[in-house]
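# Chain and residue survey
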Protein chains: 2
Amino acid sequence: MTISAKLMRSTTDFSDFISACIAAIGNDYVLTAEPEKASFLTDQRRRFTGQAIAVVKPGSTAEVAAIVRLCNQFNVPIVPQGGNTGLVLGSVPDRSGNAIVLSLGRLNRVRAVDPVNHTMTVEAGCILQNLQEAALAVERLLPLSLAAEGSCTIGGNLATNAGGTAVLRYGNTRELCLGLEVVTAQGEIMEGLRGLRKDNTGYDLRDLFIGAEGTLGIITAAVMKIFPVPKAQLTALVALQTPAQALRLLTLAQGHCGAALTGFELMSDLCLQLVARHMPQLTFPFSARHPHYVLLELSDSESEAHASTMLESLLASALENKICQDAVLAISAAQSKTLWRWRESISSAQAREGKNIKHDVSLPISRIAEFITVTDALLQASFPECRNVTFGHLGDGNLHYNVSPAIGYSEELFLSHQSSINLVVHDSVHQFGGSISAEHGIGALKREELLRYKSAVEIGLMKTIKQALDPHNLMNPGKVI
Amino acid sequence: MTISAKLMRSTTDFSDFISACIAAIGNDYVLTAEPEKASFLTDQRRRFTGQAIAVVKPGSTAEVAAIVRLCNQFNVPIVPQGGNTGLVLGSVPDRSGNAIVLSLGRLNRVRAVDPVNHTMTVEAGCILQNLQEAALAVERLLPLSLAAEGSCTIGGNLATNAGGTAVLRYGNTRELCLGLEVVTAQGEIMEGLRGLRKDNTGYDLRDLFIGAEGTLGIITAAVMKIFPVPKAQLTALVALQTPAQALRLLTLAQGHCGAALTGFELMSDLCLQLVARHMPQLTFPFSARHPHYVLLELSDSESEAHASTMLESLLASALENKICQDAVLAISAAQSKTLWRWRESISSAQAREGKNIKHDVSLPISRIAEFITVTDALLQASFPECRNVTFGHLGDGNLHYNVSPAIGYSEELFLSHQSSINLVVHDSVHQFGGSISAEHGIGALKREELLRYKSAVEIGLMKTIKQALDPHNLMNPGKVI
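So, how was this worked out
Residues numbered from 1 in each chain as written. Chains lettered and ligands numbered in written order. Predicted model: local features only at pLDDT ≥ 70, side-chain atom pairs only at ≥ 80, totals over all residues. Heavy atoms only, no water. Helix = DSSP H or I, 4+ residues; strand = E, 2+ residues; numbered from the N terminus. Rg over C-alpha atoms; globule rule 2.2 N^0.38 Å. Buried < 20%, exposed > 50% of the residue type's maximum accessible area, 1.4 Å probe, protein only. Contact = heavy atoms within 4.5 Å. Areas by Shrake-Rupley, 256 points an atom, 1.4 Å probe, with all protein chains shown as cover. Lys, Arg positive; Asp, Glu negative; His and termini not counted. Charge placed at Lys NZ, Arg CZ, Asp CG, Glu CD. Buried area = accessible area lost by both parts, 1.4 Å probe. Salt bridge = Lys/Arg side-chain N within 4 Å of Asp/Glu carboxyl O. Polar contact = N/O pair within 3.5 Å; in protein donor to acceptor, adjacent residues only side chain to side chain. UniProt positions renumbered as here; feature names shortened; annotations may be inferred. Phe/Tyr/Trp six-rings, centres within 6.5 Å; stacked < 30°, edge-to-face > 60°. Lys NZ or Arg CZ within 6 Å of the ring centre and 35° of its normal. Core = buried A, V, L, I, M, F, W, Y, C linked by side-chain atoms within 4.5 Å. Pairing = 2+ DSSP bridges. pLDDT = per-residue confidence, 0-100.

## Thoughts on the overall build of chain A
What chain A contains, in helices and strands, is 18 helices and 18 strands. Over its C-alpha trace chain A gives a radius of gyration of 24 Å, about what one expects of a compact globule, namely 23 Å for 481 residues. Looking at chain A as a whole, 57% of its 481 residues are labelled buried. Long-range pairs, those at least 24 residues apart, make up 74% of the contacts in chain A between residues at least 6 apart in sequence. Within the structure as shown, chain A displays about 18,000 Å² of accessible surface, and the carbon and sulfur contribution to it stands at 53%. Averaging the coordinates of the 40 positive side-chain charges in chain A and doing the same for the 45 negative ones gives two points 2 Å apart.

## Quick notes on the interface of chain B and chain A
A common measure of how large an interface is: the accessible area buried when the components associate. Contact with chain B, which involves 83 residues of that partner, is made by 83 residues of chain A. The contact between chain B and chain A buries some 6,500 Å² in all, and 57% of this surface belongs to carbon and sulfur atoms. Counting the surface chain B buries against chain A, the share from its top three residues, Lys198, Asn200 and Tyr203 of chain B, is 16%. Inspection of the chain B/chain A interface yields eight salt bridges.

## Re the side chain of Lys454 of chain B
Considering the arrangement of structural elements, one finds Lys454 of chain B in the loop between helix H16 (447-453) and helix H17 (456-469). Buried charged residue Lys454 of chain B carries no salt bridge. Nearest counter-charge: Glu458 of chain B, at 4.3 Å. A polar atom in the side chain of Lys454 of chain B sits 2.7 Å from the backbone oxygen of Thr201 of chain A. Here Lys454 of chain B is in contact with Arg194 and Thr201 of chain A together with Ile459 and Met462 of chain B, once residues within four sequence places are set aside.

## Observations regarding the UniProt feature "domain: FAD-binding PCMH-type" (unreviewed entry) in chain A
In the numbering adopted here, UniProt assigns the feature "domain: FAD-binding PCMH-type" (unreviewed entry) to residues 48-229 of chain A. The span residues 48-229 of chain A is 23% helical and 25% strand by assignment, and the distance between its end C-alpha atoms comes to 40 Å.

## Side note on the packing of aromatic side chains
By the definition in use, this model includes 16 aromatic pairs over all chains. For the ring pair Phe286 of chain A and Tyr293 of chain A, a centre distance of 5.8 Å and an interplane angle of 25 degrees mean the geometry is stacked. Judged by relative accessible area, Tyr293 of chain A falls into the buried class, the value being 0%. Taken together, the ring pairs in this structure connect Phe284, Phe286, Tyr293 and Trp342 of chain A into an aromatic cluster. Across from the ring centre of Tyr29 of chain B, 3.3 Å away, lies the NZ or CZ of Arg106 of chain B, which sits over that ring.

## Some words on the nonpolar core
Of all hydrophobic cores here, the largest spans 82 residues; its most connected members are Met224 of chain A together with Met224 of chain B. Not counting chain neighbours up to four residues away, the residues in contact with Met224 of chain A comprise His118, Thr119, Met120, Val122, Leu142, Ile154, Leu158, Thr173, Leu176 and Cys177 of chain A.

## Things to note about the pairing of strand S8 (residues 177-184) of chain B
Residues and elements named next belong to chain B. Most of S8 sits inside the fold, with eight of its eight residues counted as buried. Looking at chain direction, S8 and strand S10 (residues 217-225) are connected through seven bridges and run antiparallel. If you follow Leu180 over to S10, its bridge partner there is Ala222. Alignment of S8 against strand S9 (residues 189-192), held across four bridges, turns out to be antiparallel.

## What about the confidence of the model for chain A?
Residues and elements named next belong to chain A. When pLDDT is averaged across chain A, the result is 95; 97% of the residues are at 70 or more. Confidence drops under pLDDT 50 across residues 1-9; counting only partners more than four residues distant or on other chains, this segment forms one contact. Two numbers describe this predicted complex: its pTM, 0.96, and its ipTM, 0.96.

Here you go:
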């Protein structure tokens, strides 16, 4: 058989496969034309474009299962995709062109909302923001919240165990999920949509699929926890000298406020300087600059008056104990929103400043101050042309330890050092017992790095599980492991 | 080869194995004499006594790994054991006599306590109560609390994903654990003692070992979350007409108190009647009897005065909305303790009343009232000689749906119906989307029942994982799956 005969046979196989997919879910939902496929093949940050036989859009769990069984029959790899907002190239195919993208977008029904059980049962393709609104419609809070909430899907949030801004109080997506419906690599449907707080009947299959980035099976629906809506949310911006002071403030706030503490974000002065430079419409809230700031949020089940008393008492105690230098309280929802804008604008301010290198790392909270000191010094020693733009969810131990080039330094030259800079930062993270991916996952982007930092035993167990559940390596191959 | 020759060879193999164990961990820690082994072979409720080649007590993780490797070499099954307080025959060997009991009791060091990271790193054999005290020594709370806390071990709590009285606020043992050290079925050490709130670097191996009841590997140490100690805890006993009213009170309390609501226990009048009959030293707190009661606990990070105001306002609202008929507030720690004694004495009062049949079930919280009505009626129809002694952690959806015989009815005859009664109750639980094991696990006791209620796909996935991680079926065989 010649090479061209092989290719022809392969093309024929694909056309049989495509026909079978069309027969299973309808002509409208099997996209093969390049323009139709395009938006599914490039990642959100436009760093990578892959190829695919087709983008397949099943409309129900049964149709997802049917497609997976066809993929088994024709030996076609599957890249599951939700909102395609991931940051680690986990939801786009590679360039081989031998896979399909399986978009969950049409599975977008809220199957049930149960305010008494504090749960909602939702399909994987639901947009996160729509689910937040569906919860609010019955006076409940779905606390999962992140920058991409207007376009990311709950299936993607589950597949990547998304973090976001409410982890300190409510946990990661994993902690918000009680049950899953999953299509296995063999195209069977695991019906695990249980809305139970306690269920000790065998292995925890739910948490195995959560965070597996679609490499073990396809999440098609989930039972998510919802909560009473807090009666008040108050925000303060606190000025401090050092990250060590921020840690002391965190401990004080945790003791003072317990579960009412729902946000605790650290920002260096350079972060706010960049925001001030690129968003001049924002008025800097302090009369002087300080080396670091903490944005602190309280949510109260009682009343705004009560939250206000609690926050004032906390800040008085912090000032008295010299844990902070100054503080600004938001006394209205609008003021609170403005304070949050300082935090939320850092990424885009840094982007307007120019190209930069991001690190999504986590550390034992008690070691963060030392980590910053040590790693800043290591970086300065190797790359004096670096500027640290360090901020993050300090309450969760999660730092966005980002690095920009010095003013006037060549961006191209700076980016050419990316892997060396990653190595310095991630080696330091590893030394401090931290994680090189706090909330973004591994995808295709950090797969090689994972092998450097994860122990051989853990990698071995992960490979064993992958091989057992997906022996033909059809589920999102080339991602995670 | 004759049968006796086979037996002799088998005995010889055991003696080689025993010698190798002694060489690995020392003569004092390999117990082969029957009297020394006895207490490890019978379950806590004295329903079953198994056999074992030896009880092996390694003193370190490395020694656990060495023993597991010897078990692989000699093909000897392993029954890991903590405090042996389990309720489903998960920690005792079967009667074949071909296994060892591997006791974790000597791994009892607290390796680290980090009050700023709110974590403690502990070995599997630590007694739960000792860990609660170690946390209190640094002004932190380890919230895991259950009846057996004076003798159960954290390794057993993790292996069974123990529940207990604080799940409503703090979650099950699973939610309290950040990292694990595990000896795999091959005798390798998985070093996963990370104290991180966020870590998205691959499959969730931690949650796979938690709740697996020692069938996939042996947990040797863990990083557990600890919390600020609440400043005040207040308790109320509330009298109501129906479980449906209890649910309305729960929703009201969750809205009113948010995360301050740390206990919500339902008890039927018969429960308290049994306590009153068998613990006459307790004074019934109401002037009249009511069909149901709720024991409600608030924990407050602020002050006793604040907690008191919150509780009074909640109860006033409940009375006003006719959600409850009466309420008693504990205004001191001693009074609070007395109220809790009514709840905590139900099991022993029921035991003093005579033999009974227990069900540890969970349900979607919104369906509990209907479940009780329907299941009570089903039971009465099939077994009119039943008395329901229903109580449980309503806030978690967990009912101890226990059944006693009618007064004067033969206990023997009653117990002869046990499997039929289990079938009525568990079929009903399944109909309502519940779980036949909320917090006790499966062990050897509920293994057959699991096959009735778990879907074929889930059982298949569990078997695939078991086969992949423990291909020689050496880890606690005959348990769970």
